[in-house]
Amino acid sequence: MSSGELLVVVLNQSNEELNLLPDSPNLTRGEWTDACEARPPQEILAGECGMWRIHGGRIGKQIEGSVAYQIVGYDSNTITFSWKVYMVRSNEFQHSCTTNDFEVQVINGGGKPAIAIFIFKPAKIIDL
């Protein structure tokens, strides 16, 4: 991978499947890597992982986008993973989930190439 690339890994540590939404993925800046296996998978099974790669197109270009999945078995609830990779400042990796039953841990690497790991898992329940 060159310096203007991003590798995204989603670890599904839940008991639910994740299905790619029809209007997803959304790539605002950057280009998908040519290999078809480098695009977001249609589904990420429970206990499995999904990966994809994006490159900036030209040296010094920002990479920005998002991917949204439906959480199977949770009606219309979704999880969205988003990223902004800059060439001169800290990268941003975010997520949003439409249910409180799950949480996401983000492990991100600065540096070049950038690597983002999203760990999707059941939310911890705190007994009071």
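Residues numbered from 1 in each chain as written. Predicted model: local features only at pLDDT ≥ 70, side-chain atom pairs only at ≥ 80, totals over all residues. Heavy atoms only, no water.

Q: Explanation requested: the overall build of the chain in the structure shown.
A: Helix and strand counts for the chain come out as zero helices and eleven strands. In sequence order, the secondary structure elements of the chain are arranged as β-β-β-β-β-β-β-β-β-β-β. Residue pairs in contact within the chain that sit at least 24 positions apart in sequence constitute 56% of those at least 6 positions apart. Looking at the chain as shown, the accessible area adds up to about 7300 Å², and 47% of this sits on carbon and sulfur atoms. (Helix = DSSP H or I, 4+ residues; strand = E, 2+ residues; numbered from the N terminus. Contact = heavy atoms within 4.5 Å. Areas by Shrake-Rupley, 256 points an atom, 1.4 Å probe, with all protein chains shown as cover.)

Q: Explain the nonpolar core here, please?
A: One recurring pattern in soluble globular proteins is that nonpolar side chains are buried together. If you look at the biggest cluster of nonpolar residues, it comprises 24 residues, and the most contacted ones within it are Leu6, Trp52, Tyr69, Ile79, Trp83 and Phe118. Broken down by secondary-structure element, the contributors of at least two residues to this core are strand E1 (5-12), strand E2 (18-20), strand E6 (49-55), strand E7 (63-71), strand E8 (78-85), strand E10 (102-109) and strand E11 (114-122). (Core = buried A, V, L, I, M, F, W, Y, C linked by side-chain atoms within 4.5 Å. Buried < 20%, exposed > 50% of the residue type's maximum accessible area, 1.4 Å probe, protein only.)

Q: When you look at the pairing of E7 in this model, what are you seeing that I'm missing?
A: One face of the sheet, then the other: side chains in a regular strand alternate in exactly this way. When you tally the buried positions in E7, you get eight out of nine residues, the bulk of the element. Pairing geometry for E2 and E7, over three bridges, is antiparallel. When the sheet's bridge partners are listed, Leu18 is paired in E7 with Ile71. Two elements, strand E3 (residues 26-29) and E7, share three bridges in a ladder whose sense is antiparallel. By the bridge assignment, Leu27 is partnered in E7 with Gly65. (Pairing = 2+ DSSP bridges.)

Q: Please explain the environment of Thr98 as it appears in this structure.
A: For Thr98, the location among the structural elements is in the loop between strand E9 (92-97) and E10. For Thr98, the side chain forms a polar contact with the side chain of Asn77, separated by 3.0 Å. Polar contacts involving the side chain of Thr98 include one to the main-chain amide nitrogen of Thr78, which spans 2.7 Å. (Polar contact = N/O pair within 3.5 Å; in protein donor to acceptor, adjacent residues only side chain to side chain.)

Q: Looking at this structure, I do not really get the pattern of salt bridges. What am I missing?
A: Pairing is possible between side chains that carry opposite charge, provided their charged atoms lie close to one another. Taken as a whole and assessed by the stated rule, the structure comprises two salt bridges. Note that Arg29 and Glu64 form a salt bridge whose closest N and O atoms lie 3.5 Å from each other. Separated by 35 residues along the polypeptide, Arg29 in strand E3 and Glu64 in strand E7 bring together distant segments of the chain. Between Glu64 and Lys84 there is a salt bridge whose closest N-O contact spans 4.0 Å. Placement of the pair is Glu64 in strand E7 and Lys84 in strand E8, with a sequence separation of 20 residues. Residue classification places Glu64 among the buried residues on the basis of a relative accessible area of 17%. Via salt bridges that share partners, Arg29, Glu64 and Lys84 belong to a single interconnected network. (Salt bridge = Lys/Arg side-chain N within 4 Å of Asp/Glu carboxyl O.)

On their own, these measurements won't tell you what the molecule is for.
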